[in-house]
Amino acid sequence: TPASVSQNNAQTQTLYQLGINGSTEIGYYSVALEIGTPPQRQTLIIDTGSGITTIPCSECSQCSRHENVRFNETNSSTLRVPDCKTPIGVYKCECDNKQRCSFSENYQEGSSLKGFFMEDEVKLSLESIREQKKDSPDSGRSTRFIFGCTTEETEQFKGQRPDGLLGLAPSTKNVPNLLDSVFSKDKSSLVSFAVCIGHDGGFIGIGGMNSNKQLPNEKRQTVPFAKKAIEREEYGVRINGVSVGGESLSLSANDFDLGEGASFDTGATMLHANPTVFSVFINFLKKYCQSGYGRCGGPVSYTHLRAHETPEHLVCRLLLEKKK
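Residues numbered from 1 in each chain as written. Predicted model: local features only at pLDDT ≥ 70, side-chain atom pairs only at ≥ 80, totals over all residues. Heavy atoms only, no water.

### A word on the state of the cysteines
Now for step 1: Summed over the entire model, instances satisfying the criterion amount to four disulfides.
Now for step 2: Note that C57 is cross-linked by a disulfide to C149, the S-S spacing being 2.1 Å. Taken together, the residues C57 in the loop between strand 4 (54–56) and strand 5 (102–106) and C149 in strand 7 (residues 137–153) connect sequence positions 92 residues apart.
Now for step 3: Owing to a relative accessible area of 0%, C149 belongs among the buried residues under this scheme.
Now for step 4: A sulfur-sulfur distance of 2.1 Å marks the disulfide that ties C93 to C101. Taking the sign of the S-S torsion, -90° for the link of C93 and C101, the bridge is left-handed. Each member of the pair C93 and C101 is classed as buried. (Disulfide = S-S within 2.5 Å. Helix = DSSP H or I, 4+ residues; strand = E, 2+ residues; numbered from the N terminus. Buried < 20%, exposed > 50% of the residue type's maximum accessible area, 1.4 Å probe, protein only.)

Structure, rendered in structure tokens:
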């Protein structure tokens, strides 16, 4: 959540900043992290919809070839494998056949990852900001964090270029993520983070918000998170209405309350909504793209449309793909 920076001149706020690669054209945004000692480079898709950071490890016989060489845990002198009989924070481990704390994650588009948890150093670039007026780049600072060593990947993970996922969802029941590790170690960091993405690239700020990256005189606005969304380990908000290009969609706050608001997921490219919201969005997108002023990248085909029942309500899923 956004927070104000102390105006005390004697206090310096620590802000970790990571450059983002990716674009709306390729459909994902990623960061590069240097993990272990000596450091091994891994590129990770930014995912605020999941809480576990995962990278493929050397023993993953079912992993495809990605951007970098698989992480070799035996080459890092600072790596530690947690005891599976001891909880990691609030997370209670299940032991694999080598007595390691295992994980198994299923994702909305049907892919899955399996593996075990490890702990190691990660180096983050550092900016010390005093009163948020001047950048003072530093060589960086290392912090230890828990991440998943992937030993099995399926479906879309096999075809992606980045190596793994950077899970940034609120960790209420899961292992501590990178954000938790930074906030617990560096008390000069505000307990907040920002993800700024554009058509091409962007940056992540951990520990505050760098006003030097904002437009001059831009007013800061805040929206509270929905409490039930945090309990589900999601960044969710209540929505009162939606407008695009000054045109309001015929939707009310009650239409969005069927799913208790909306969740922000930087790792997803699909629209998940109840039937009322879904049909209004589809009709608007068709009208917008056919009008000539919509930047839709050409004609689209609705090639992956399906609906299925969940215990709570009907969920529709849409994936827009360009016609070949």
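Next comes the rest of the description.
### Focus on the nonpolar core
For soluble globular proteins, the rule of thumb is that nonpolar side chains tend to be buried together.
Now for step 1: With 28 residues, the main nonpolar core has L33, I204 and I206 as its most contacted residues.
Now for step 2: Judged by nonpolar contacts, the second largest core, of 16 residues, contains Y28, I45, I88 and F117. (Core = buried A, V, L, I, M, F, W, Y, C linked by side-chain atoms within 4.5 Å.)

### Describing the environment of V237
Now for step 1: Structurally, the position occupied by V237 is in strand 11 (residues 236–237).
Now for step 2: Other than its neighbours up to four places away in sequence, V237 contacts V223, P224, F225, A226, G261, A262 and F264. (Contact = heavy atoms within 4.5 Å.)

### A word on helix 4 (residues 275–290)
Now for step 1: With 16 residues, helix 4 should reach 22 Å at 1.5 Å per residue; the first-to-last C-alpha distance of 23 Å fits that figure.
Now for step 2: Structurally, the start of helix 4 carries an N-cap: the backbone nitrogen of T276 is 3.1 Å from a side-chain oxygen of N274. (Expected span 1.5 Å × (residues − 1). Polar contact = N/O pair within 3.5 Å; in protein donor to acceptor, adjacent residues only side chain to side chain.)

### Describing the pairing of strand 10 (residues 200–206)
Now for step 1: Across the seven residues that make up strand 10, a large majority, five, are buried.
Now for step 2: By the bridge criterion, five bridges tie strand 9 (residues 193–197) to strand 10 in an arrangement that is antiparallel. Its bridge partner being in strand 10, I197 is matched across the sheet by G202.
Now for step 3: Where strand 9 folds back on strand 10, the antiparallel hairpin that results is connected by two residues. (Pairing = 2+ DSSP bridges.)

### Brief notes about the packing of aromatic side chains
Now for step 1: Taken as a whole and judged by the stated rule, the model has seven aromatic pairs.
Now for step 2: With a centroid separation of 5.9 Å and 85° between ring planes, the pair formed by F71 and F147 is classed as edge-to-face. Pair noted here: F71 is in the loop between strand 4 and strand 5 and F147 is in strand 7, with a separation of 76 residues, a long-range link. Exposure class is identical for F71 and F147. Each is buried.
Now for step 3: Between F145 and F147, the aromatic rings sit 5.2 Å apart at their centres with planes inclined by 35°, giving tilted as the arrangement. (Phe/Tyr/Trp six-rings, centres within 6.5 Å; stacked < 30°, edge-to-face > 60°.)

### What to know about the side chain of T53
Now for step 1: Mapped onto the secondary structure, T53 falls in the loop between strand 3 (40–47) and strand 4.
Now for step 2: Among the polar contacts listed, one links the side chain of T53 to the backbone nitrogen of G167, at a separation of 3.3 Å.
Now for step 3: Apart from residues lying up to four places away in sequence, T53 is in contact with L44, F145, F147, G148, L165, L166 and G167.

### Quick notes on the confidence of the model for the protein
Now for step 1: Taken over all residues, the pLDDT of the protein has a mean of 76, while the share at 70 or more is 78%.
Now for step 2: Across the protein, the secondary-structure element scoring lowest on mean pLDDT is strand 16 (residues 300–309), at 35, and the one scoring highest is strand 4, at 94.
Now for step 3: For the stretch residues 1–12, pLDDT sits under 50, and the model shows 21 contacts to residues farther than four places along the chain or on other chains.
Now for step 4: Overall, residues 127–138 carries pLDDT values under 50, and its contacts beyond four positions in sequence, including any with other chains, amount to 35 contacts. (pLDDT = per-residue confidence, 0-100.)

### Here's the deal with the pattern of salt bridges
Now for step 1: For the structure shown, the criterion picks out seven salt bridges.
Now for step 2: For E119, the salt bridge identified is with R80, shortest N-O distance 3.2 Å. Taken together, the residues E119 in strand 6 (residues 112–129) and R80 in the loop between strand 4 and strand 5 connect sequence positions 39 residues apart.
Now for step 3: Residue E119 is classed as buried on the basis of its relative accessible area of 17%.
Now for step 4: R144 is paired through a salt bridge with E121; the nearest N and O atoms lie 3.3 Å apart. Here R144, found in strand 7, pairs with E121, found in strand 6; they are 23 residues apart in sequence, far enough to count as distant.
Now for step 5: Because the salt bridges share partners, they merge into one network encompassing R80, E119, E121 and R144. (Salt bridge = Lys/Arg side-chain N within 4 Å of Asp/Glu carboxyl O.)

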